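Coordinate analysis (summary)
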Amino acid sequence: MRKKVIAGNWKMYKTQAEAQEFLQGFLRHLTETPDDREVVLCVPYTDLWLLSKNLHGSRIRLGAQNIHWAAEGAYTGEISGPMLAEAGVRYVVVGHSERRQYFGETDDTVNLRLKAAQEFGITPILCVGETKQQRSTGQTEPFIFNQLENDLVDVDQSNLVIAYEPIWAIGTGDTCEPDEANRVIGLIREQIDNPDVPIQYGGSVKPDNIDAIMAQPEIDGVLVGGASLTPDSFGRIVNFGL
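Residues numbered from 1 in each chain as written. Predicted model: local features only at pLDDT ≥ 70, side-chain atom pairs only at ≥ 80, totals over all residues. Heavy atoms only, no water.

Re the overall build of the protein
When you go through the protein residue by residue, the secondary structure sums to ten helices and eight strands. In the protein, which comprises 242 residues, the proportion classed as buried is 54%. Partitioning the intrachain contacts of the protein with sequence separation of at least 6 by distance along the chain shows that 71% fall at a separation of at least 24. Counting only carbon and sulfur atoms, one obtains 49% of the accessible surface of the protein, whose full area is about 10900 Å². Charged side chains of the protein number 21 positive and 34 negative; the gap between the two group centres comes to 4 Å. (Helix = DSSP H or I, 4+ residues; strand = E, 2+ residues; numbered from the N terminus. Buried < 20%, exposed > 50% of the residue type's maximum accessible area, 1.4 Å probe, protein only. Contact = heavy atoms within 4.5 Å. Areas by Shrake-Rupley, 256 points an atom, 1.4 Å probe, with all protein chains shown as cover. Lys, Arg positive; Asp, Glu negative; His and termini not counted. Charge placed at Lys NZ, Arg CZ, Asp CG, Glu CD.)

Set out below in structure tokens:
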């Protein structure tokens, strides 16, 4: 049985007070959450120590939004593996569509980030996905397969989560239908060496479609963005099917 990983990923805007308010509101939703679900909050580095302190003793796993590949000498604005490990980070998002699309993140640097995370005992959540143009021209599968081939060179697939994150369904209001997301994730699973790698869906995940998404046999969890990351909405998503 593959692990179910439900991760939330908020953008670089919450103040410390807002992060604390979110956490207090969200924690009350976890009293009935089944034990088979790994609940992760991937937050900006500015909130890591606040959450590290406040998540102690809870079932929420702390996650980060990026990692640099250099243990020492990471570039300005980047965060290194030792810094994340010191804060108690268990997961880190790597290759997010925003970084690929707007900051020119390449497969080579994604690969370096994946291996850096694993070096420090952190599980990377690798994001892969296509643009609207690539989908409309029938390039979804070859594009994603190429990402996987290049991103996963020498990466330990026993310590990995993959998120299918179609760029065209992020912040656009468009939603990938659950059966189509399931189809693509099934193809992703055929391309990797370890059949037990959890594969999430990320892209317009909402309280009103979470049950249909998680009913799909190939989907092992979700990566939830800011639009659905209020305490009540994320609480409903974590408690899908109840």
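Here's the deal with the nonpolar core
Counting residues in each nonpolar core, the largest one holds 61 residues, and the members touching the most others are Leu 51, Tyr 201 and Phe 234. Here Leu 51 is in contact with Trp 10, Ala 19, Leu 23, Leu 41, Val 43 and Leu 62, once residues within four sequence places are set aside. One finds Ala 7, Val 40, Ile 125 and Val 161 within the second-largest nonpolar core, a separate group that totals eleven residues. (Core = buried A, V, L, I, M, F, W, Y, C linked by side-chain atoms within 4.5 Å.)

Let's talk about the pattern of salt bridges
When the charged atoms of two side chains lie near each other, side chains of opposite charge can form a pair. Per the stated rule, a full pass over the model turns up 21 salt bridges. Residues Glu 78 and Arg 113 are paired through a salt bridge, measuring 3.1 Å at the closest nitrogen-oxygen approach. Here Glu 78, found in the loop between β3 (60–64) and α3 (81–86), pairs with Arg 113, found in helix α5 (residues 107–119); they are 35 residues apart in sequence, far enough to count as distant. The exposure class assigned to Glu 78 is partly exposed, which follows from its relative accessible area of 22%. With a relative accessible area of 3%, Arg 113 lands in the buried category. With a closest N to O distance of 3.1 Å, Glu 105 and Arg 113 form a salt bridge. Of the two residues, Glu 105 and Arg 113, neither departs from the other in class, the shared state being buried. One salt-bridge network, in which partners are shared between bridges, spans Glu 130, Arg 135, Glu 141, Glu 180 and Arg 183. (Salt bridge = Lys/Arg side-chain N within 4 Å of Asp/Glu carboxyl O.)

Regarding the side chain of Asn 209
By the secondary structure assignment, Asn 209 is in the loop between β7 (199–201) and α9 (210–214). The class of Asn 209 is buried, set by a relative accessible area of 11%. In terms of polar contacts, Asn 209 uses its side chain to reach the backbone carbonyl oxygen of Ser 204, at 3.0 Å. Apart from residues no more than four positions distant in its own chain, Asn 209 is found in contact with Thr 175 and Ser 204. (Polar contact = N/O pair within 3.5 Å; in protein donor to acceptor, adjacent residues only side chain to side chain.)

Digging into the pairing of strand β8 (residues 221–224)
Going residue by residue along β8, you find Gly 221 and Leu 223 tucked away on one face and Val 222 and Val 224 tucked away on the opposite face as well. As judged from the four bridges shared by strand β1 (residues 4–9) and β8, these two strands associate in the parallel manner. Paired with Val 5 across the bridge in β8 is Gly 221. (Pairing = 2+ DSSP bridges.)

Observations concerning unusual backbone geometry
With phi around 60°, Asp 154 is a residue other than glycine that occupies positive phi space. Along the chain, Asp 154 falls in the loop between α7 (140–151) and β6 (161–164). One non-glycine residue, Ser 204, lies in the positive phi region at around 55°. Note on placement: Ser 204 falls in the loop between β7 and α9.

As for helix α10 (residues 231–238)
Among all positions of α10, only Ser 233, Phe 234, Gly 235, Ile 237 and Val 238 are buried. In this structure, the buried residues of α10 make contact with β1, α1 (16–27), β2 (37–43), α9 and β8.

Side note on the environment of Met 12
Summarising the element assignment, Met 12 is placed in the loop between β1 and α1. Here the alpha-carbon distance between Met 12 and Gly 121, two residues 109 residues apart in the chain, equals 25 Å. Setting aside residues no more than four positions away along its own chain, Met 12 makes contact with Pro 44, Tyr 45 and Gln 65.

A word on the environment of Glu 180
One can find Glu 180 in helix α8 (residues 178–191). On the basis of relative accessible area, Glu 180 is assigned to the buried category, the value being 19%. Separated by 16 residues in sequence, Glu 180 and Asp 196 place their C-alpha atoms 21 Å apart.

Geometric descriptors of this kind do not, in isolation, establish any biological role.
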